[in-house]
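Each chain, written out:
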Amino acid sequence: MKNANSPAVFVADTYSEGGGAADQQEETWIQKLLFSSAKLGAATSYDILCDERGTSSIFSSGIHIHSPFASILNLAIIVAYFVSIFFIPYHAAYKNQSGSFQSNLAWGISAMLVLDSLLNFFTPPLEPIKSSQHYRSPRKLSQWQRYYIKHYILIDLITMVPWPELIQNELLYFPLSLLIIFRVIRLPSMMSQNTFCESIAIEIRNIAGIGTILTRIMSIGAVLIMFIHVQACVLYFMGKVQDFVGWDTQFSHWAVFPGGIRAATNVDRHIWMISQAIGNILQLTFKPETNSEQIITFVFIAFGAILYATIVGLISSAAISFDAPGKLYRQRIDELKEYLTWKEIDKSTKKKLLQYYEFKYRGKYFEELSLLGDLNESLRREVASFNCKRLLEKVPFLKRNMGDGRDDLFLGKLASALLPSFFIPGDFIFHQGEKSSEMFFVLSGTLQVIVNGSVVAQCEDGMFFGEVALIANIPRTATVKAMTQCKLYSLSSKDFNEIILEFQDIRERIDFIYEERMKRIRIEQATLSRTNHSTN
């Protein structure tokens, strides 16, 4: 029995021959598969844990639950579990009509269940290390074995026996065989700790929009299929032990079947029983004759209704969750159109507004500030730096290379202070002569720089402009206009000044640049004044 509370993804501890813990390393499931294929069947220092004395032995310290050996063996056992939950009830119900193949398969499954019990006995589950929530250490083997014997050994011993092959009393071997259900309920825990199964689960969960709900639908769907199959086997068995009383007349299928149900093959019988079991989930299709059949049918109908309601609810949730940002975007666009119509906005302005929304949200509406607001400061800086770090590094006076361990901190704080801005062709970012306090970084797009009505420069991806606003509180010296769709980031002087309060070197650099810039401005003003005076 694997511990269900153990983490899905585990950073494995590698143990050295001398017993000390070596470097911890995270391996992908492909690497583990390749590594294990070379040494499967041979216990290594990675497969076997070390006891308190530093010795490696299966009998003293056990097998590491995430070792390649245990992972591949556990995967084979998981497959055996899936086969057993479908085969064992079927074999027990149809035993009199089974052949040698079914008998051999029953013994094969029994052997796999014995192997599973041995693996469980020598594979202690994981416990969290108190000083860290990210790594876990195996429980002591002796403690785990006592716990296993107390809680799991009885059900394991009962379910590993192929009862239909050993005893002839069907009223005894059938219920004993159904106890496999209590062992198979361990499957979710086993799969969550198996490296290969968890890798597949992660890929499914990463499906955009519905990945998490899809995994739940698949889990409930598997339980529903198992429930239908077991129900079909139980209902058939109840009819068989009572010699199918009334079945050939009660059910039209068997009334017209040549020879009735007794002449049908196992495949014919089970397919019909599956159809009855499915029908019992939606409505009562199986018509029980005896009291025992009625009781069993009512129990299955109750459980089936619960499973059916659960899976319908999950599918409804998946439908609602699928492309939720896209639905929000379309809702916002509809609201905008209604608003523009109500305000009687002219067509050209309406077109520009719709174009702006299409460019900004690109078909997906996200409350970015709300999403990022739940993150801690470190993660916010990391997300903010993703697009902005390269832009900031291109500004000479924002570079910091002091080597005191705070260079990345400064860059991260700047990136967190940047605000995204979106402009469509024809929009003005600012006008010459107006007072403003932001500088801008161009992530994408093309802009024109206009001075006194003439285009003097052009800004494109990766460039910046308006940096004077961070240094000196003077009017804009140019007009900047968007020529294409532009995504910019703005940095206000208020945020910038709050950040540099923590960095004395940057503050001194800005003061120096400010003095140099003001000297140039005074010189330019003096030159302009002399020119105007001589002209007059």
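Please refer to the structure placed before this passage.
Residues numbered from 1 in each chain as written. Predicted model: local features only at pLDDT ≥ 70, side-chain atom pairs only at ≥ 80, totals over all residues. Heavy atoms only, no water.

Turning to the overall build of the protein, a few remarks are in order. Assigned secondary structure in the protein consists of 23 helices and 10 strands. The contacts in the protein between residues at least 6 apart in sequence include a share of 70% that link residues at least 24 apart. Surface accessibility of the protein: about 29,300 Å² in total, with carbon and sulfur atoms responsible for 60%. (Helix = DSSP H or I, 4+ residues; strand = E, 2+ residues; numbered from the N terminus. Contact = heavy atoms within 4.5 Å. Areas by Shrake-Rupley, 256 points an atom, 1.4 Å probe, with all protein chains shown as cover.)

In terms of nonpolar packing, the biggest core is built from 52 residues, with F174, W247 and M273 touching the most fellow members. Those elements giving two or more residues to this core turn out to be α2 (68-93), α3 (100-121), α7 (170-178), α8 (180-184), α9 (187-193), α11 (211-241), α14 (266-282) and α15 (291-321). Ranked by residue count, the leading element in this core is α11, at 12 residues. If you look at the next biggest cluster of nonpolar residues, it comprises 25 residues, including L411, A417, L470 and F503. (Core = buried A, V, L, I, M, F, W, Y, C linked by side-chain atoms within 4.5 Å. Buried < 20%, exposed > 50% of the residue type's maximum accessible area, 1.4 Å probe, protein only.)

Okay, the pairing of strand β10 (residues 486-492) next. Within β10, seven of the seven residues are buried, which leaves the element mostly enclosed by the surrounding structure. Burial along β10 is two-sided: the residues C486, L488, S490 and S492 and K487, Y489 and L491 are all buried. Pairing of strand β3 (residues 419-423) with β10 involves five bridges; the strand directions are antiparallel. Pairing of F423 across the sheet is with C486, part of β10. (Pairing = 2+ DSSP bridges.)

Spatially, four strands are ordered β3-β10-β5-β8 in an open sheet, and the strand pairing comes out antiparallel. Strand pairing shows two members of the sheet lacking a second neighbour, β3 and β8 (464-465), which therefore form its edges.

With that settled, consider a negative patch on the surface. On the surface, E508, D511, E515 and E516 cluster together into a negatively charged patch. Along the polypeptide, D511 turns up in helix α23 (residues 504-535). (Patch = residues over 30% accessible without salt bridge, like charges linked within 9 Å, V, L, I, M, F, W, Y side chains within 5 Å. Salt bridge = Lys/Arg side-chain N within 4 Å of Asp/Glu carboxyl O. Lys, Arg positive; Asp, Glu negative; His and termini not counted. Charge placed at Lys NZ, Arg CZ, Asp CG, Glu CD.)

Let's shift gears to helix α17 (residues 347-361). At 3.6 residues per turn, the α-helix brings residues three or four places apart onto the same side. The end-to-end C-alpha distance of α17 is 21 Å, a good match for the 21 Å that 15 residues give at a rise of 1.5 Å each. Buried within α17 we find L354, Y357, F359 and Y361. One or two steps after α17, the chain reaches R362, where phi turns positive at roughly 50°. (Expected span 1.5 Å × (residues − 1).)

As a further point, take the packing of α2 against α3. It is at 9 Å that the axes of α2 and α3 come closest, and there the two elements cross at 140°. Classified by the angle their axes make, α2 and α3 are oblique. Where α2 crosses over α3, the two elements pack in a sense that is left-handed. Residue-level contacts link A70, L73, N74, A76, I77, A80, Y81, V83, S84, F87, I88 and H91 of α2 to Q102, S103, L105, A106, I109, M112, L113, L115, D116 and L119 of α3. Taken together, the residues of the contact of α2 with α3 break down into 16 nonpolar, five polar and one charged. (Axes fitted to C-alpha atoms, helices over the stretch in contact; angles between N-to-C directions. Parallel < 35°, antiparallel > 145°, perpendicular 65-115°, else oblique. Left-handed = near helix turned anticlockwise from the far one by under 90°. Nonpolar A, V, L, I, M, F, W, Y, C, P; charged D, E, K, R; others polar.)

Summarising the element assignment, R183 is placed in helix α8. Among the residues examined, R183 registers a relative accessible area of 0% and is labelled buried. A polar atom in the side chain of R183 sits 3.1 Å from the backbone oxygen of D156. (Polar contact = N/O pair within 3.5 Å; in protein donor to acceptor, adjacent residues only side chain to side chain.)

A few words now on the packing of aromatic side chains. For the coordinates displayed, the defined rule picks out 24 aromatic pairs. Arranged with centres 4.1 Å apart and planes meeting at 15°, the rings of Y94 and Y236 form a pair that is stacked. Within this pair, whereas Y94 is found in the loop between α2 and α3, its partner Y236 is found in helix α11, the two being separated by 142 residues in sequence. The same class applies to Y94 and to Y236, which are both buried. Both rings, one in F410 and one in F503, keep their centres 5.0 Å apart while their planes meet at 70°; by these two values the pair is edge-to-face. (Phe/Tyr/Trp six-rings, centres within 6.5 Å; stacked < 30°, edge-to-face > 60°.)

Right, let's get into the layout of surface pockets. A probe matching the size of a water molecule, rolled over the atoms, marks out where space remains unfilled. The calculated volume of the second largest pocket comes to roughly 770 Å³. Forming the boundary of the second largest pocket are 22 residues, of which F82, P188, M191, S219 and A222 lie nearest the centre. Every element with two or more residues in the lining of the second largest pocket is listed here: α2, α9, α10 (195-205) and α11. Tallying contributions element by element places α11 first for the lining of the second largest pocket, with seven residues. In terms of residue class, the lining of the second largest pocket is made up of 17 nonpolar, three polar and two charged. (1 Å grid on protein atoms, 1.4 Å probe; cavity = no way out; pocket = protein on both sides within 12 Å on 5 of 7 lines; lining within 4 Å. Points joined across faces, edges and corners; volume = space filled by probe spheres on them.)

On to the packing of helix α20 (residues 407-417) against helix α22 (residues 493-500). The interhelical angle for the contact between α20 and α22, taken along N-to-C directions, is 160°, at an axis separation of 10 Å. As summarised for this structure, α20 and α22 are arranged roughly antiparallel, according to the angle between their axes. Between α20 and α22 lies a crossing whose hand is right-handed. Residues F410, K413, L414 and A417 of α20 lie in contact with α22, whose contacting residues are D495, F496, I499 and I500. Here the residues of the contact of α20 with α22 are counted per class, giving six nonpolar, no polar and two charged.

With that settled, consider the environment of R390. Structurally, the position occupied by R390 is in helix α19 (residues 377-393). Separated by 72 residues in the primary sequence, R390 and G462 have C-alpha atoms spaced 7.8 Å apart.

Right, let's talk about the pairing of strand β7 (residues 454-459) for a bit. Bridge analysis of strand β6 (residues 447-451) against β7 gives five bridges, and the strand direction is antiparallel. Its bridge partner lying in β7, Q448 is registered against Q458. Joining the antiparallel neighbours β6 and β7 is a turn of two residues, in which N452 adopts a positive phi near 55°.

This part takes up the sheet that holds β7. Read from one edge of the open sheet, four strands run β4-β9-β6-β7, paired in antiparallel fashion. The sheet is open, and its two borders are formed by β4 (428-430) and β7, each paired with just one other strand. For this sheet the average axis-to-axis angle between neighbouring strands, irrespective of direction, equals 30°. Sheet topology note: the β6/strand β9 (residues 479-482) ladder contains four bridges and is antiparallel. Within the sheet, the bridge partner assigned to V449 lies in β9 and is V480.

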